[in-house]
Amino acid sequence: MPENAAEVTAAGIARLAGVGRAAVSNWRRRHADFPQPVGGTETSPSFALSQVERWLRDQGKLAEVPLRERVWQELASDSATAATALVRAGCVLLLVRDRPTLWRQLATAPDTQLAELLPVALGEVLAPHFGAPVESAVHPPGLRELLPSVPLLRGVAELAAELGPRDTFEFLLGRHLDANPRQYTPTPPEAAALMAALAAPSAPGSAPSAPAPSAPAPSAGNVTVLDPACGTGTLLCAVPHPAVLYAQDAAPELAALAGLRLALHAGATGSAGGTDHSDRTGHEDRTDHTDAEIRTRAGDTLRADAFPRLAVDIVLCHPPFNERNWGHDELAYDPRWEYGFPARTESELAWAQHALARLRPGGTAVLLMPPAVASRRSGRRVRADLLRRGALRAVVALPAGAAPPYGIPLHLWVLRKPVAGERPSPELLLVDTAELSAAGGRDSGGGRDNVDWTTVHTTVLDAWHPFDRLGTAEERPGVSRAVPVVELLDDDVDLTPARHLPPPAAAGGTAELALVRERLADTLRLTAELTPWPHDRDAHDSCDAGGGRDARGARPSGAAAPAAPLHRPTTTVGELARAGALVLYAGGSGATADVTAVPVLTEHDVLAGRAPSGVLPEGVAAEEPVRIQEGDVVVPVLGGGAVARVMDAALAGAALGRNLQLLRPDPAALDPWFLAGFLRGTANARRASSYASTATRLDVRRLQLPRLPLADQRRYGEHFRALAAFEDALRLAGQLGEQLVQGLYDGLADGSVPM
């Protein structure tokens, strides 16, 4: 095998073939000719991509490897690290976009000659975006670095012709982050958009928080922005039409990736292959695509600030959490600690003061913080000084699942650098969205896929914008309140929003509780009507007519003998898929270029029997999402439970989320309700499940169902459809019952419901 040949893991093979990892393990055990590992470890071996492709084709399991998969596998197995290879790919993508004619000329050269010519060409393209290479985090790679990666770079350029340079980079970066979840802590784009909206300049003439005349509010397109812990640049990408973007990160590869990502976003033209700026004489127009200046630096921000004299309009930051080694000992006399020297355990307050130090007077900073920063005793003096001087303007509690770590409800801190001569704000805005669920309500669970970002954005901005203009805001019990600073300056200086907000009205008061009770009563009546009999209903009626029950209404023990389980010929989902009776699809990532949002059916939605709660991100899809059709059957693959849900017309068009398998039966061969009903069997799910140390995974292809004529399938389907209706009624009754009980508890406790 060639020295730099691409390798692929078992997970990559599963993605190529569109199967689960369990199927790949089975192939390795059952097929002696399956390719042998060429690298990796005993627990996570890697295989030669070319050998795997050939084997899959010979077995009829693969027609052609998609270009995006081939490029990703080559990048992941590059002789350098995947991050380094991605930086080189980003440099070439800028060349493809900014100077497509030059790239086409260079691409005709042999690999060795191309590697010799690229450094100069890349240097010419990178310089207008990033300035002098000595200072920038993005450096043009040299001949020795490029030579092993030339086949990869050619593939990247080919993929750019299909997806566009920006979306090619986004696809490869997304795959890299997904493949290394413990190495990186990315900021979700929805959280980034909210942070950028909070930091957006106020309307001219607003009061009292408008900047002084000596520091006029920046207009759109004239905003300078800094992210001192930029990661991959997600926060800066969320800022619309900035003038200058400054980014720094302690990891050189992340600083470089952020710079390239910003450059590709800033100059995106929407053309898949880049815009050819050649005139009719064949000379290439070198017009700069970039809408904003980009300055990226690598280095420890707190210890070695790359922009010590900077004063920007906006600072956005997702700092590292709970960092003890942030420079406490050597930075004791740093001038940035204007609001107090942070304790060793308060690294987040050091980042907050760094953000304030890099703002112009009246500038705004938004930081994503762990909730403990709002209440730890070691930080109360710094918090108190931030309040007294009007630097801290708002604290927003986000729902759990909004950003990593996904298990806790993180906070957003909105800070504003005081303007000389202005009185500090007498109030602090506190907003609590921590309990907002995917359905837009409360107490419906949390989780990464269970955040209703539309509701969160609306709730936060509806509270912030009036407060930013007027210095105060209307109180919304349980949601938001402008709290006088003097109320917060106690011994604890606890800024946790939930501890200072009045409780929400008990489920809307007695009138709404009465409506809930009526709905519950109607639902219980419906549930009683839908309650199924565990035997034939006609037999029940005849038994009743013939005195089959005793005086207490109990059925005599001999009235209905238990039937023995039927032994019928069976088939598996995998066999049905090979026969064309159904088609299998796996849920996953995707994007949409539509103006209207595309809902995503998540794993939690299927388990809870509710409408789609996710939203497909905007952009050109590197992977086309699977769209649901009426009659599809969706099965969660994690957790080991027996769940299968038939999709109705209301769910048609939604995208399929992660950890879900979709079965699309041929109506002429399979009834969807028959299919879903038998897939839900407990013994069936147990036979098809595999067990790892921390999770149970369902191999949908191994699920069994009996071979029956279509007419018999439909008779079973009617029974299963009735069971599903009963289950929905039970679920609704439970939700209404919980709502009524909690509402009465709350109403009696706060006096809104009389005794």
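Description of the structure in this document. (Residues numbered from 1 in each chain as written. Predicted model: local features only at pLDDT ≥ 70, side-chain atom pairs only at ≥ 80, totals over all residues. Heavy atoms only, no water.)

Counting secondary structure elements, the protein chain contains 24 helices and 23 strands. Per-residue burial for the protein chain yields a buried fraction of 49% across its 755 residues. Within the protein chain, counting contacts between residues at least 6 apart in sequence, those at least 24 apart form 73% of the total. On the protein chain, roughly 35,500 Å² of surface is accessible, and the fraction owed to carbon and sulfur atoms is 53%. (Helix = DSSP H or I, 4+ residues; strand = E, 2+ residues; numbered from the N terminus. Buried < 20%, exposed > 50% of the residue type's maximum accessible area, 1.4 Å probe, protein only. Contact = heavy atoms within 4.5 Å. Areas by Shrake-Rupley, 256 points an atom, 1.4 Å probe, with all protein chains shown as cover.)

The next point concerns the sheet that holds strand β16 (residues 614–615). Hydrogen bonds between backbone atoms are what pair the strands of a sheet, whose relative direction is either parallel or antiparallel. Across the sheet, three strands lie side by side as β16-β15-β19; this open sheet has mixed pairing. A single partner strand is all that each edge strand has here, and the edge strands are β16 and β19 (655–656). Looking at chain direction, strand β15 (residues 599–601) and β16 are connected through two bridges and run antiparallel. Residue pairing across strands places P599 opposite V615, the latter belonging to β16. (Pairing = 2+ DSSP bridges.)

What follows is about the sheet that holds strand β2 (residues 39–40). Here we have three strands laid out as an open sheet, ordered β1-β3-β2, and antiparallel in their pairing. Because the sheet does not close on itself, it has two edges, and the strands there are β1 (7–9) and β2. Across two bridges, the pairing between β2 and strand β3 (residues 45–48) is antiparallel. Among the inter-strand pairings, G39 is bridged to a residue of β3, identified as S46. Along the sheet, helix α3 (residues 49–58) contacts β1 and β3; its crossing angle with β3, the most-contacted strand, is approximately 75°. (Axes fitted to C-alpha atoms, helices over the stretch in contact; angles between N-to-C directions.)

Right, let's get into the packing of helix α7 (residues 111–130) against helix α13 (residues 252–266). Axis separation between α7 and α13 bottoms out at 11 Å; the angle between their running directions is 85°. Judged on the interaxial angle alone, α13 and α7 are roughly perpendicular. Residues L126, H129 and F130 of α7 form the contact with α13, whose own contacting residues are G259, L260 and A263. Residues that form the contact of α7 with α13 fall into these classes: four nonpolar, two polar and no charged. (Parallel < 35°, antiparallel > 145°, perpendicular 65-115°, else oblique. Nonpolar A, V, L, I, M, F, W, Y, C, P; charged D, E, K, R; others polar.)

The full count for this structure, using the stated rule, is 33 salt bridges. R389 is paired through a salt bridge with E338; the nearest N and O atoms lie 2.6 Å apart. Here R389, found in the loop between α15 (380–388) and β9 (392–397), pairs with E338, found in the loop between β7 (312–317) and α14 (347–357); they are 51 residues apart in sequence, far enough to count as distant. Through salt bridges with shared partners, a single network forms among R680, E727, D728 and R731. (Salt bridge = Lys/Arg side-chain N within 4 Å of Asp/Glu carboxyl O.)

The omega angle of the peptide bond from P404 to P405 is -5°, so this bond is cis rather than trans. Within the secondary structure, P405 is located in the loop between β9 and β10 (411–416). With a phi angle near 50°, H241 is a residue other than glycine that sits in the positive phi range. Using a relative accessible area of 61% as the deciding quantity, one classes H241 as exposed. If you check the backbone angles, V493 has positive phi at about 50° while not being a glycine. Note on placement: V493 falls in the loop between α17 (485–488) and α18 (510–530). According to the relative accessible area criterion, V493 is buried, its value standing at 3%.

On to the packing of helix α4 (residues 67–76) against helix α9 (residues 150–163), then. Direction vectors running N to C along α4 and α9 enclose 150°, while the axes themselves pass 9 Å from each other. By the angle class used here, α4 and α9 are roughly antiparallel. Seen from above, α4 lies across α9 with left-handed handedness. Packed against α4, whose contacting residues are L67, R68, V71, E74 and L75, the element α9 presents P151, L152, G155, V156, E158, L159, E162 and L163 at the interface. Within the contact of α4 with α9, the residues separate by chemical class into eight nonpolar, one polar and four charged. (Left-handed = near helix turned anticlockwise from the far one by under 90°.)

Turning our attention to the packing of aromatic side chains. Describing an aromatic ring pair means giving the distance of the ring centres and the angle of the ring planes. Taken as a whole and assessed by the stated rule, the structure comprises 12 aromatic pairs. Between W464 and F467, the aromatic rings sit 6.1 Å apart at their centres with planes inclined by 40°, giving tilted as the arrangement. Within this pair, W464 and its partner F467 are both found in helix α16 (residues 453–470), separated by three residues, close to a single helical turn. In this structure, W464 and F467 share a single accessibility class: buried. Feature note: the residues W27, F34, F47 and W55 constitute an aromatic cluster, connected by ring pairs. (Phe/Tyr/Trp six-rings, centres within 6.5 Å; stacked < 30°, edge-to-face > 60°.)

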